[in-house]
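Here's the letter readout for the chains.
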2 protein chains.
Amino acid sequence: MNPLHLSNQLCFPFYAISKEISKRYRTILAPFNLTYPQYLVMLVLWEQDRIPLKAIGRRLQLDSGTLTPLLNKLIQSGYIEKARNELDERELVIKLTDAGHSLREQAASIPLQIQRVLGLTDDEYKRYKGMLDELSQKLNM
Amino acid sequence: MNPLHLSNQLCFPFYAISKEISKRYRTILAPFNLTYPQYLVMLVLWEQDRIPLKAIGRRLQLDSGTLTPLLNKLIQSGYIEKARNELDERELVIKLTDAGHSLREQAASIPLQIQRVLGLTDDEYKRYKGMLDELSQKLNM
DNA sequence: CGCTATTAGATTGTATACAATCTAATTTGA
DNA sequence: TCAAATTAGATTGTATACAATCTAATAGCG
């Protein structure tokens, strides 16, 4: 067994599958004018609105260098807006606009669409999800 | 169960773990002046030298828009060189340089180092690998 | 043979990622 | 209290990704 052989690498299928999933999201998210990372930001904001950039970054494991331009795109698309926390002016508070709120209902069909293009049964989906959550744990993420 | 909740997404842990793995590779690959995608190209070439860009792209699922600049970096680093197939001048043949060949021996320690920073046992490693290969299959990749 | 279709790479434009650095605001400790 | 340390974001520079388009070379076919 050659550990330098591509087919023996754990990391490559992660890399490849992750790219493949993003690609399949691209088609589904295009009508909403969203990319996959932008969609993730929207998911976070639909869970909790009016949170600082920092909190979004913690949740998605992204830093300001990535989030600043990404949030600006979401502003351009009309889904969010920026404000400053008056108690701590360093803090940039991200708020959903009306369009951002109503997008939530239109986006409700996305998870099912994704499951369909991935072609996984509920059981498979759950099994893979369990494995990934376990691995996240082991990696201290 | 809210399917729009981040914690119920299969795709997010893929995205997050994939980024995390790349980050851990970064430290290990830095002494070799390689990024993770560049390392993948080297793995492919160590398996088979003198193959066209197209073949590397098929293997890594990357197109010329990604590979052209990436290969130019590897040329700058002195690990590969470009040539044209004389029988088909469209084809760009990628060849390892002497430095590229000898890098292979120096890189032999990388897989173990990665396994160490990931903190996985052999069994865990194999189990995850099996699941991912299975999923790749299901996704027709 | 010569024209059309196809193919391989390169290029352009857009969108992440992330390290490193910078600025402004807040916190902390002598 | 007030200078030093810390923190939140923004900015800069480098490196992917990938769709779309372009160019040059080859293949296919009437």
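Residues numbered from 1 in each chain as written. Chains lettered and ligands numbered in written order. Predicted model: local features only at pLDDT ≥ 70, side-chain atom pairs only at ≥ 80, totals over all residues. Heavy atoms only, no water.

> Just give me the short version of the packing of aromatic side chains, but keep the residues and values in it.
Throughout the structure, instances matching the rule amount to eleven aromatic pairs over all chains. Here the aromatic rings of Tyr15(A) and Tyr36(B) are separated by 5.6 Å at their centres, their planes lie at 85 degrees, and the arrangement is edge-to-face. With Tyr15(A) in helix H1 (residues 11–29) and Tyr36(B) in helix H2 (residues 36–47), this residue pair bridges two chains. Comparing Tyr15(A) with Tyr36(B) shows no difference in burial state: the two are buried. (Phe/Tyr/Trp six-rings, centres within 6.5 Å; stacked < 30°, edge-to-face > 60°. Helix = DSSP H or I, 4+ residues; strand = E, 2+ residues; numbered from the N terminus. Buried < 20%, exposed > 50% of the residue type's maximum accessible area, 1.4 Å probe, protein only.)

> I'd love a proper account of the pattern of salt bridges, names of residues and values included.
Evaluated as defined, the whole model comprises 14 salt bridges over all chains. A salt bridge links Asp88(B) to Arg90(B); the shortest N-O distance between them is 2.9 Å. The exposure class of Asp88(B) is partly exposed, given its relative accessible area of 23%. In this structure, the salt-bridge partner of Lys138(B) is Glu134(B), at a minimum N-O distance of 3.9 Å. Remark: Glu134(B) and Lys138(B) occur in helix H7 (residues 122–138); sequence separation between them is four residues, near one turn of the helix. For Glu134(B), a relative accessible area of 28% corresponds to the partly exposed category. Sharing partners across several salt bridges, the network here consists of Glu124(A), Arg127(A), Glu134(B) and Lys138(B). (Salt bridge = Lys/Arg side-chain N within 4 Å of Asp/Glu carboxyl O.)

> Before we move on, can you summarise the sheet that holds strand E3 (residues 92–96) of chain B with the specific residues and values?
Residues and elements named next belong to chain B. Spatially, the three strands line up as an open sheet ordered E1-E3-E2, and their pairing is antiparallel. At either margin of the open sheet sits one strand with a lone partner, and together these are strand E1 (51–52) and strand E2 (80–84). With five bridges connecting them, E2 and E3 associate as antiparallel partners. Each bridged residue has a counterpart across the sheet, and for Glu81 the counterpart in E3 is Lys95. Packing of H2 onto the sheet brings it into contact with E1, E2 and E3, and relative to E3 it is tilted by some 85 degrees. (Pairing = 2+ DSSP bridges. Contact = heavy atoms within 4.5 Å. Axes fitted to C-alpha atoms, helices over the stretch in contact; angles between N-to-C directions.)

> Tell me about the protein's contact with DNA strand C, residues and numbers included.
Taken together, 29 residues lie near DNA strand C, and Thr35(A), Gln38(A), Tyr15(B), Ser64(B) and Thr68(B) sit nearest. For DNA strand C, the backbone portion of the atoms within 4 Å of the protein, that is sugar and phosphate, comes to 74%. Residue Gln38(A) places a side-chain N or O atom 2.4 Å away from a phosphate oxygen belonging to DNA strand C. Those elements giving two or more residues to the surface near DNA strand C turn out to be helix H2 (36–47) and helix H4 (64–76) of chain A together with helix H1 (11–29), helix H3 (53–60), helix H4 (64–76) and E2 of chain B. Its residues placed into classes, the surface near DNA strand C shows eight nonpolar, eight polar and 13 charged. (Near = heavy atom within 4 Å. Polar contact = N/O pair within 3.5 Å; in protein donor to acceptor, adjacent residues only side chain to side chain. Nonpolar A, V, L, I, M, F, W, Y, C, P; charged D, E, K, R; others polar.)

> Please provide a residue-by-residue account of helix H6 (residues 110–118) of chain B, values included.
Here H6(B) has its buried residues at Ile110(B), Pro111(B), Ile114(B), Gln115(B) and Leu118(B). Seen along its axis, H6(B) keeps its buried residues to an arc of 135 degrees; they face one direction. H6(B) presents Leu112(B) and Arg116(B) as exposed residues on the side facing more than 90 degrees away from its buried surface. Against H1 and helix H7 (122–138) of chain A together with H1, H2 and H7 of chain B lie the buried residues of H6(B). Looking at the residues trailing H6(B), positive phi occurs at Gly119(B), about 70 degrees. (Arc of directions from axis to C-beta.)

> Can you break down the sheet that holds strand E1 (residues 51–52) of chain A residue by residue, with the values?
Residues and elements named next belong to chain A. One open sheet accounts for three strands, arranged E1-E3-E2; its pairing is antiparallel. If you trace the sheet from one side to the other, it starts and ends with E1 and strand E2 (80–84), each paired once. Pairing analysis gives two bridges linking E1 to strand E3 (residues 92–96), with the strands arranged antiparallel. Looking across to E3, one finds that Ile51 is bridged to Ile94.

> Break down the relation of the copies chain A and chain B for me, with residues and values.
Relating one copy of the chain to the other takes a rotation about an axis and a shift parallel to that axis. Expressed as a screw transformation, the operator carrying chain A onto chain B has a rotation angle of 180 degrees and an axial translation of 0.0 Å, and the superposed copies differ by an RMSD of 0.0 Å. In short, the pair behaves as if placed about a two-fold rotation axis. A shared interface surface links the copies, since 100% of the contact residues of chain A are contact residues in chain B too. (Least-squares fit on C-alpha atoms with pLDDT ≥ 70 in both.)

> Give me the lowdown on the interface of chain A and chain B, citing residues and values where you can.
On the chain B side, the residues contacting the 55 residues of chain A number 55 residues. Of the roughly 5,600 Å² buried where chain A meets chain B, counting both sides, 68% is carbon and sulfur surface. Linking chain A with chain B are four salt bridges. In this structure, Glu134(B) engages Arg127(A) in a salt bridge whose closest nitrogen and oxygen atoms are separated by 2.4 Å. (Buried area = accessible area lost by both parts, 1.4 Å probe.)

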